[in-house]
Amino acid sequence: MTRYRAALAAAARGWPVMPLRPHGKTPALRGWDDEATLDRDRIRHWWSRRAYNVGISCGPAGLLVVDLDVPHGREAFARRAWQHGDEDPRDTYTVATPSGGEHRYFQAPDVPLGNTAGRIAPHVDTRGVGGYVVAAGSLLGHDRYRVVRDAPVAPAPEWLVAVLTPPPREDLPIPTQRSSPRRVDAYRAAVVEGEAERVREARPGARAHIVFTAACRLGELVGAGWLDEATAMAVLLTAAARHDGVEGWTGREALHHVENGIALGRRRPRVLR
């Protein structure tokens, strides 16, 4: 599989991709988290220039990827699962790395999880919101990242999500009394219009990131019960439609980022002081 085809294959799964340096793991673009895309025309443009490796932006892709070093990482991860009364979660899409390790792909939970190193166990890292993973088909030297288990991406195990979930934010205390309806209405209107305006005015290189973060913020209102999810989606998709056809932006890409962002934000409801 050529790296161009590998990029198309990842994008076809709904995983936004960006170029990494040939035979390396470093992004070839500044602001890679803003540049990752599902658009075939942009992908064709990038990979027609050089034989870039392929990176997948985990947050917008809705992925939590567990990086297991060999051999200790796999053993430690299995042992941690057993400690929580679960089987070693092997039945999911898995990529072998050139070093002999594994990348196990899981569906990210609604709660936003970032990147960790050794939190689960020694030699076990994770990539989530704000991180990326090297896709199958990429080359490191002469060795290739290759799919070794072409299974559907499984939901992240509950015990894994519990271990990785950060504690509640101390800067958002639960108020002693319910906020007044008038205050909620004013706050909701300001947030919704502000995020819609951010999406409408987003520059091409930052659109994916802005749509995703705007959806996260409206998702927080959905989680608080202050905004209907269908309304949040309609507002953001209408705002994003302004960019349709501009430098490869599509409604499909907008929907992908909006759905993932709202799902993440919903698990961290907004609280008024």
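Not measured: the values here are computed from a predicted model.

Engineer: I'd like a description of the packing of aromatic side chains, backed by residues and values.
Structural biologist: Scanning the entire structure with this criterion turns up 7 aromatic pairs. Here Trp-15 and Tyr-93 contribute two aromatic rings whose centre-to-centre distance is 5.5 Å and whose plane-to-plane angle is 70°, an arrangement assigned as edge-to-face. With a gap of 78 residues between them, Trp-15 in the loop between α1 (3-12) and β1 (17-20) and Tyr-93 in the loop between α5 (72-83) and β4 (94-96) connect regions that are remote in the sequence. Its relative accessible area of 6% is what places Tyr-93 among the buried residues. Judged by centre distance (4.9 Å) and plane angle (80°), the rings of Tyr-93 and Tyr-105 are edge-to-face. With Tyr-93 in the loop between α5 and β4 and Tyr-105 in strand β5 (residues 102-107), the pair connects residues that are 12 residues apart, well separated along the chain. Ring pairing ties together the aromatic residues Trp-15, Tyr-93 and Tyr-105, which thus form one cluster.

Engineer: With reference to specific residues and values, describe the confidence of the model for the protein.
Structural biologist: Of the residues in the protein, 92% reach a pLDDT of 70 or more, and the chain-wide mean stands at 87. Across the protein, element-level confidence peaks in β4 with a mean pLDDT of 97 and bottoms out in helix α2 (residues 32-35) with 81. Across residues 168-177, confidence stays below pLDDT 50; counting only partners more than four residues off in sequence or on other chains, it has 9 contacts.

Engineer: Which residues make up the packing of helix α9 (residues 229-240) against helix α10 (residues 251-266), and what are the values?
Structural biologist: Two measures define how a pair of helices packs: the angle their axes make with one another and the distance between the axes. With their axes 10 Å apart at the nearest point, α9 and α10 run at an angle of 140° to one another. Like other packed secondary-structure pairs, α9 and α10 cross with a definite hand, here right-handed. Residue-level inspection shows Glu-229, Ala-232, Met-233, Leu-236, Leu-237 and Ala-240 of α9 in contact with α10, the latter providing Ala-254, Leu-255, Val-258, Glu-259, Ile-262 and Arg-266. Split into classes, the residues belonging to the contact of α9 with α10 amount to 9 nonpolar, no polar and 3 charged.

Engineer: Would you mind going over the environment of Glu-247 in detail, with residue names and values included?
Structural biologist: Positionally, Glu-247 belongs in the loop between α9 and α10. Here Glu-247 is in contact with Arg-42, Pro-204 and Arg-207, once residues within four sequence places are set aside.

Engineer: Let's hear about empty space enclosed by the protein: which residues, and what values?
Structural biologist: Evaluation of the coordinates by the stated rule reveals 1 cavity of 30 Å³ or more. Approximately 40 Å³ is the volume attributed to the largest cavity. What lines the largest cavity is simply Asp-34, Glu-35, Ala-36, Thr-37, Arg-42, Pro-204, Arg-207, Ala-208, Trp-249 and Glu-253. At the level of secondary structure, the elements contributing two or more residues to the lining of the largest cavity comprise α2 and α8 (207-224). For the lining of the largest cavity, the class distribution of residues is 4 nonpolar, 1 polar and 5 charged.

Engineer: Describe the environment of Ala-239, naming the residues involved and giving the relevant values.
Structural biologist: Within the fold, Ala-239 resides in helix α9. Taking the C-alpha atoms as reference points, Ala-239 and Glu-193, separated by 46 residues in sequence, lie 10.0 Å from one another. Dropping the residues within four chain positions of it, Ala-239 is found in contact with Ala-196, Val-199 and Arg-200.

Engineer: Describe the environment of Pro-155, with residues and values.
Structural biologist: Mapped onto the elements, Pro-155 comes out in strand β12 (residues 154-155). Along the primary structure Pro-155 and Pro-89 are separated by 66 residues, whereas in three dimensions their C-alpha atoms are 9.9 Å apart. Ignoring sequence-local partners within four residues, the contact set of Pro-155 consists of Phe-106 and Gln-107.

Engineer: Explain the nonpolar core to me, using residue names and the numbers behind them.
Structural biologist: Trp-15, Val-17, Trp-47, Ile-56, Leu-63 and Tyr-105 are the most contacted members of the largest nonpolar core, which has 31 residues in total. At the level of elements, α1, β1, α3 (40-49), β2 (53-57), α4 (58-61), β3 (63-68) and β8 (132-134) are the ones that each hand at least two residues to this core. Top element by residues in this core is α1. It accounts for 5 residues. Sequence-distant contacts of Ile-56, defined by excluding residues within four places in its chain, comprise Ala-10, Trp-15, Pro-16, Val-17, Met-18, Ala-61, Leu-63, Tyr-105, Gly-131, Tyr-132, Val-133 and Ala-135. Counting 25 residues, the second-largest nonpolar core is a separate cluster that includes Ala-196, Leu-221, Leu-236 and Val-258.

Engineer: Break down the pattern of salt bridges for me, with residues and values.
Structural biologist: Applying the stated criterion across every chain yields a total of 13 salt bridges. Across the salt bridge formed by Arg-198 and Glu-195, the nearest N and O atoms sit 2.9 Å from each other. On the criterion of helical spacing, the pair formed by Arg-198 and Glu-195 is a turn pair, its members being 3 residues apart in helix α7 (residues 181-200). Classification of Arg-198 by relative accessible area gives partly exposed; the value is 28%. Ionic pairing is found between Arg-242 and Glu-201, a salt bridge with its closest N-O pair at 3.1 Å. Of the two residues, Arg-242 sits in the loop between α9 and α10 while Glu-201 sits in the loop between α7 and α8, which places them 41 residues apart along the sequence.

Definitions and cut-offs
- Residues numbered from 1 in each chain as written.
- Predicted model: local features only at pLDDT ≥ 70, side-chain atom pairs only at ≥ 80, totals over all residues.
- Heavy atoms only, no water.
- Phe/Tyr/Trp six-rings, centres within 6.5 Å; stacked < 30°, edge-to-face > 60°.
- Helix = DSSP H or I, 4+ residues; strand = E, 2+ residues; numbered from the N terminus.
- Buried < 20%, exposed > 50% of the residue type's maximum accessible area, 1.4 Å probe, protein only.
- pLDDT = per-residue confidence, 0-100.
- Contact = heavy atoms within 4.5 Å.
- Axes fitted to C-alpha atoms, helices over the stretch in contact; angles between N-to-C directions.
- Left-handed = near helix turned anticlockwise from the far one by under 90°.
- Nonpolar A, V, L, I, M, F, W, Y, C, P; charged D, E, K, R; others polar.
- 1 Å grid on protein atoms, 1.4 Å probe; cavity = no way out; pocket = protein on both sides within 12 Å on 5 of 7 lines; lining within 4 Å.
- Points joined across faces, edges and corners; volume = space filled by probe spheres on them.
- Core = buried A, V, L, I, M, F, W, Y, C linked by side-chain atoms within 4.5 Å.
- Salt bridge = Lys/Arg side-chain N within 4 Å of Asp/Glu carboxyl O.

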